[in-house]
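Okay, here's what each chain looks like letter by letter:
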Amino acid sequence: MAVSLKPVVKVSDKLMEMLNKAIAREIQVSIQYMWQHVQVMGVKAVAVQDKFKQTAIAEMKHAEKIAERLWYLGGTPTTKPTPIVVGENLKEFLEFDTQAEVEAIEMYQKIIEMAQKEKDVTTAFIFKEILEDEEEHHDLFTTMLEEV
Ligand SMILES: [Fe+2]
Ligand SMILES: [Fe+2]
């Protein structure tokens, strides 16, 4: 008996393209937040430095998770981030980051919807978990922004 080596789950090119867009933005924010961690200055820096670092690491884990999924589905993960915007000061950092999280939330809601339509339960599940993290990040950045 010949066993099929093809993935059991087949999704549209459009969904795979969306996963690659998600990877591009996860790499973007991963670098963005890590460089903000490095560059943050002033009295308030001590309080926020680690938050940028922890969030950057969380984003890199998202990139890896989505890349694994895309690879399984037959796609090739991109190595190119969407444009990275670090900012000049803490307030700017947090404004860019809040914006990035809003974009993530909106994009991932769309991906969950698409995956569900295509009966790709696992991708939907993965993005539900990631979405929860992004909502936490959004909450963190907006809370920090109130203090700046
Ligand atoms: Fe993320
Ligand atoms: Fe995030």
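Below, the structure is looked at part by part.

**Considerations on the pattern of salt bridges**
Stage number 1. This model, assessed by the stated rule, comprises 3 salt bridges.
Stage number 2. Between Arg25 and Glu26 there is a salt bridge, and its shortest N-O distance comes to 3.7 Å.
Stage number 3. Across the salt bridge formed by Arg69 and Asp120, the nearest N and O atoms sit 2.8 Å from each other. Here the residue Arg69 occupies a position in helix H2 (residues 45-72), and Asp120 occupies one in the loop between helix H3 (90-117) and helix H4 (121-147), the gap between them amounting to 51 residues. Judged on exposure class, the residue Arg69 and its partner Asp120 are both buried.

**Looking at the coordination of the iron ion (ligand 1)**
The reference angle at a metal is 109.5 degrees if four donors form a tetrahedron and 90 or 180 degrees if six donors form an octahedron.
Stage number 1. Around the iron ion (ligand 1), the donor atoms from the protein are Glu26 (OE), Glu26 (OE), Glu59 (OE), His62 (ND1) and Glu134 (OE), and they sit 2.0 to 2.4 Å away.
Stage number 2. All donors of the iron ion (ligand 1) belong to a single chain; written as a sequence motif, their spacing is E-x32-E-x2-H-x71-E.
Stage number 3. A gap of 3.9 Å separates the iron ion (ligand 1) and the iron ion (ligand 2), which Glu59 links by coordinating each metal. With His62 in helix H2 and Glu134 in helix H4, this residue pair connects regions lying 72 residues apart in the sequence. For the pair shown, His62 and Glu134 are each scored as buried.

**Some points on the coordination of the iron ion (ligand 2)**
Stage number 1. With distances of 2.0 to 2.4 Å, the protein atoms coordinating the iron ion (ligand 2) are Glu59 (OE), Glu101 (OE), Glu101 (OE), Glu134 (OE) and His137 (ND1).
Stage number 2. Given a relative accessible area of 0%, Glu134 falls into the buried group.

**Description of the environment of Ala100**
Stage number 1. Inspection of the secondary structure assignment puts Ala100 in helix H3.
Stage number 2. The class of Ala100 is buried, set by a relative accessible area of 3%.
Stage number 3. The residues contacting Ala100, other than those within four sequence positions of it, are Arg25, Val29 and Tyr33.

**Observations concerning the packing of aromatic side chains**
Stage number 1. For the coordinates displayed, the defined rule picks out 4 aromatic pairs.
Stage number 2. Relative to Phe141, the ring of Phe52 has its centre 6.3 Å away and its plane inclined at 25°; by these criteria the two rings are stacked. Linking Phe52 in helix H2 with Phe141 in helix H4, this pair joins segments that are 89 residues apart in sequence.
Stage number 3. Taking relative accessible area as the criterion, Phe52 reaches 0% and is therefore assigned buried.
Stage number 4. According to the relative accessible area criterion, Phe141 is buried, its value standing at 0%.
Stage number 5. Seen from their ring centres, Tyr108 and Phe127 are 5.1 Å apart, and the 75° between their planes marks the pair as edge-to-face. Of the two residues, Tyr108 is situated in helix H3 and Phe127 in helix H4; the sequence distance between them amounts to 19 residues.

Basis of the calculations
Residues numbered from 1 in each chain as written. Chains lettered and ligands numbered in written order. Predicted model: local features only at pLDDT ≥ 70, side-chain atom pairs only at ≥ 80, totals over all residues. Heavy atoms only, no water. Salt bridge = Lys/Arg side-chain N within 4 Å of Asp/Glu carboxyl O. Helix = DSSP H or I, 4+ residues; strand = E, 2+ residues; numbered from the N terminus. Buried < 20%, exposed > 50% of the residue type's maximum accessible area, 1.4 Å probe, protein only. Donors = N, O, S within 2.8 Å, 3.2 Å for Na, K, Ca; no water. Contact = heavy atoms within 4.5 Å. Phe/Tyr/Trp six-rings, centres within 6.5 Å; stacked < 30°, edge-to-face > 60°.

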